[in-house]
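Structural overview for review
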Amino acid sequence: QRINNPDLKMEQTIQYEVGFKQRLSRNSALTISTFYREMRDQIQVVRKVGAFPVTYTTYDNIDFGTVKGMSLDYDYRQLGNVWMRANYTLQFAEGTGSNSTSQLNLVNADQPNLRVIQPLNYDQRHAFNFIFDYHYKKGKDYNGPTIGGKQILSNAGFNTTISGASGAPYTKSSQIFSAFLNSRQGSSVVDGGINGARLPWRFTVDARIDKGFNVKVENNKKGSQKEYRCTVYFQILNLLNSKNVRSVHRSTGNPDDDGFLAAAEFQPFIQNQLDEQSYRDLYNAKLLHDDFYDMQRRFRIGLLVNF
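Since this is a predicted model, take the numbers as computed values, not measurements.

Details of a positive patch on the surface
A grouping of Lys21, Arg23, Arg26 and Arg77 is seen on the molecular surface, where their side chains present a positively charged patch. The topology assignment puts Arg23 in strand E1 (residues 12–25). The exposed category is assigned to Arg23, whose relative accessible area is 58%.

Following this line, the structure appears as structure tokens:
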């Protein structure tokens, strides 16, 4: 059991950023910025050894961390029908704990309140985004096809977003263990260091087609008209249906297999089940958990009304 600490201090975040923006042409600019963020007095679980009348577990402001990096941003302002933007960010997030209970295993093992700098759970080293937008204007600026003198594609166009990021860190285990059963069927042993392994890269492509139009509504009482700006759109999220890994089993680094069913040391336990084949089938079914992957391709149709 953990006892709350009413004497905790506020966590502090101090951030510095400096940048430089340069015009490259009449319609494009490049921005370079560097940033440094320092987190102080973060809350972490601790063990108060030798306390009266007994040793107990509580919380204290003993964690700290830093996030440092740089970003490049290229902005191509709309020229004709085209608008583009590209961004890349490199960052390093390190600290002594990713959340208030990340040291709980050490505390429960009667270890001292050790502080070690390690990658934080959100230490995403590389991230990039690319946006391409192509839209027709209306009126005298329209340059698209016409039918019977009508600007059929006015305020219409499409947008594509391509994003990618390197994998987040996780702690790999050198020993096979079950992701669902208790410690009698194996336990985790850290392989390397805490958050010493990385998930695979993630790539996503989203696309959207839309058409804008105006709707006028008469007000019978006042004898006036009110105009609404409407947009109908069709959107595809994860256009390429990429199978992006969100999490993996620590003992194998695989999102679909924790290694338990194939490990030699667990075969007697599996064979002693009421129905071995049924046990294996149901275990495999439980391994296919949606949370280990990002969502698959999705389609959206919508209507936006601005007033």
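Notes on the packing of aromatic side chains
Working definition: an aromatic ring pair is given by the centre-to-centre distance plus the angle between the planes. The tally for this structure, following the rule as stated, stands at 15 aromatic pairs. Taking the centre distance of 6.1 Å and the plane angle of 40° together, the rings of Phe132 and Phe158 count as tilted. Here Phe132, found in strand E6 (residues 126–135), pairs with Phe158, found in strand E9 (residues 156–165); they are 26 residues apart in sequence, far enough to count as distant. Exposure remark for Phe132: the relative accessible area of 24% places this residue in the partly exposed category. Each ring, one from Tyr134 and one from Tyr136, has its centre 5.5 Å from the other, and the planes form 90°; the classification is edge-to-face. What links up through ring pairs into an aromatic cluster is the set Phe180, Phe260, Phe266, Phe269, Tyr279 and Tyr283. In this arrangement the basic side chain of Lys286 is found over the ring face of Phe180, its NZ or CZ atom lying 5.1 Å from the centre.

Digging into unusual backbone geometry
Here the amide bond leading from Phe52 into Pro53 is cis, since omega sits at 5°, within 30 degrees of zero. Looking at the element boundaries, Pro53 is found in the loop between strand E2 (28–48) and strand E3 (56–79). In this model, Asp41 sits at a positive phi of 55°, which is unusual for a non-glycine residue. With respect to the helices and strands, Asp41 occurs in strand E2.

Points about the pairing of E1
Sparse coverage of E1 is indicated by the burial of 0 of its 14 residues. Bridge count for E1 against E2 is 13 bridges, and the pairing is antiparallel. Each bridged residue has a counterpart across the sheet, and for Gln22 the counterpart in E2 is Leu30.

Describing the nonpolar core
Residues Phe260, Leu261, Ala263, Phe266, Ile270, Tyr279, Tyr283 and Leu287 constitute the largest nonpolar core, which totals 8 residues. With 3 residues, helix H3 (residues 276–287) is the largest single contributor of residues to this core. Ignoring anything within four residues of it in the chain, the contact list for Ile270 reads Phe260, Leu261, Glu276, Tyr279 and Arg280. The next biggest cluster of nonpolar side chains, apart from the first, holds 7 residues, and it includes Tyr170, Ala197, Val245 and Val248.

Thresholds applied
- Residues numbered from 1 in each chain as written.
- Predicted model: local features only at pLDDT ≥ 70, side-chain atom pairs only at ≥ 80, totals over all residues.
- Heavy atoms only, no water.
- Patch = residues over 30% accessible without salt bridge, like charges linked within 9 Å, V, L, I, M, F, W, Y side chains within 5 Å.
- Areas by Shrake-Rupley, 256 points an atom, 1.4 Å probe, with all protein chains shown as cover.
- Salt bridge = Lys/Arg side-chain N within 4 Å of Asp/Glu carboxyl O.
- Lys, Arg positive; Asp, Glu negative; His and termini not counted.
- Charge placed at Lys NZ, Arg CZ, Asp CG, Glu CD.
- Helix = DSSP H or I, 4+ residues; strand = E, 2+ residues; numbered from the N terminus.
- Buried < 20%, exposed > 50% of the residue type's maximum accessible area, 1.4 Å probe, protein only.
- Phe/Tyr/Trp six-rings, centres within 6.5 Å; stacked < 30°, edge-to-face > 60°.
- Lys NZ or Arg CZ within 6 Å of the ring centre and 35° of its normal.
- Pairing = 2+ DSSP bridges.
- Core = buried A, V, L, I, M, F, W, Y, C linked by side-chain atoms within 4.5 Å.
- Contact = heavy atoms within 4.5 Å.

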